[in-house]
Amino acid sequence: MLQTALRMLPRVVRPTLVQHPPAKTVPILGAVMSQFSRTIHGGDMGHAEMEISKGEKLNPFELAKLERKFSLYDVDDDRQIEHEDYENYIEKIKEAYNLEKGDPLLHAFENEFEAHWQRMLKFMDENKDGQLSLDEWTDFYPRVTRTARAHTYENLPKFLQTLADAFFTLMDSKCDGVVDPDEYRDFWCRWDAKVEDAKPSVDDETAEEHVNFMSENGKFPLNRDRFREAHADFTWSKDSRTFGRYAMGPIKLDKS
């Protein structure tokens, strides 16, 4: 059901970038958000992962990936993730898609991120100060995603699967099933903007470089399946040369 709904999203989500979503979009999007909320509550982070000892040695690429993910949630850029960051995250979504207070879709977003925040605190907030530091983040995420199974999209935690599909759906603004450099640039510039008139996080040249890298210069078009593979690859790879390294947008890498 979730995948069917997500395949339908391109036809209804993109117009909300410039106007209020039509009433008929709410049931579809609301169902997706409801499913996402259930996966967060549904115990995707099993006990086996949480019992792995923290503080394992990470290479520079693994640290760069975790810092990138951290920065997406650290909306006020103070190197701590707090409840206020989640509230600001909701505001970004509200403004980006012109959602009015009381909108069912906005309500679903609020519920899902509140659930996600509470779960992150439960497992990551080691000193119980009500916020997440980068150290706590880097200790936690390797344990969450550790698995003895194949490193494929199907074996990602459910909330990461949903995130990958949602990002692809929003990124594919032309609704042609393939993300091109313009769409990639526009999405990450919108998503990364933390202050008004911020410098774009991705320019034309960078966007083309990143999309070509993930698609291996067009050999594997950046469609939904390839995007899913890239997210799984980004999650688990220890090699900075891996094709999925830009699945979460621009990442600070030592290219030497």
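Residues numbered from 1 in each chain as written. Predicted model: local features only at pLDDT ≥ 70, side-chain atom pairs only at ≥ 80, totals over all residues. Heavy atoms only, no water.

Novice: Outline the pattern of salt bridges, listing residues and values.
Specialist: Counting across every chain of the model gives 12 salt bridges. Notably, a salt bridge pairs Glu62 with Lys238, separated by 2.9 Å at the nearest N-O pair. One end of the pair, Glu62, is in helix α5 (residues 60-73); the other, Lys238, is in the segment after α12 (224-236), with 176 residues separating them in the sequence. Its relative accessible area of 11% is what places Glu62 among the buried residues. Asp165 is paired through a salt bridge with Arg228; the nearest N and O atoms lie 2.8 Å apart. Within this pair, whereas Asp165 is found in helix α9 (residues 158-171), its partner Arg228 is found in helix α12, the two being separated by 63 residues in sequence. Of the two residues, Asp165 and Arg228, both sit in the buried class. Where salt bridges share partners, they join Asp165, Arg224, Asp225 and Arg228 into one cluster. (Salt bridge = Lys/Arg side-chain N within 4 Å of Asp/Glu carboxyl O. Helix = DSSP H or I, 4+ residues; strand = E, 2+ residues; numbered from the N terminus. Buried < 20%, exposed > 50% of the residue type's maximum accessible area, 1.4 Å probe, protein only.)

Novice: Could you give an account of the environment of Asp176, naming the residues involved and the relevant values?
Specialist: Mapped onto the elements, Asp176 comes out in the loop between α9 and α10 (181-192). Separated by 47 residues in the primary sequence, Asp176 and Asn223 place their C-alpha atoms 9.0 Å from one another.

Novice: I'd like to hear about a negative patch on the surface, residue by residue, with values.
Specialist: Negative charge collects at one region of the surface, where Asp76, Asp78, Glu84, Glu87, Glu91, Glu95, Glu110 and Glu114 lie side by side. Structurally, Glu87 can be placed in helix α6 (residues 83-96). (Patch = residues over 30% accessible without salt bridge, like charges linked within 9 Å, V, L, I, M, F, W, Y side chains within 5 Å. Areas by Shrake-Rupley, 256 points an atom, 1.4 Å probe, with all protein chains shown as cover. Lys, Arg positive; Asp, Glu negative; His and termini not counted. Charge placed at Lys NZ, Arg CZ, Asp CG, Glu CD.)

Novice: Mind laying out helix α11 (residues 204-214), listing which residues take part and the relevant values?
Specialist: Taken together, the buried positions of α11 are occupied by Ala207, His210, Val211 and Met214. Along α11, the residues classed as buried sweep out an arc of 95 degrees about the axis, all on the same side. On its buried face, α11 sits against α10 and α12. Its side-chain oxygen at 3.3 Å from the backbone nitrogen of Glu205, Asp203 defines the N-terminal cap of α11. Directly beyond the C-terminal end of α11, a positive phi value near 50 degrees is found at Glu216. (Arc of directions from axis to C-beta. Contact = heavy atoms within 4.5 Å. Polar contact = N/O pair within 3.5 Å; in protein donor to acceptor, adjacent residues only side chain to side chain.)

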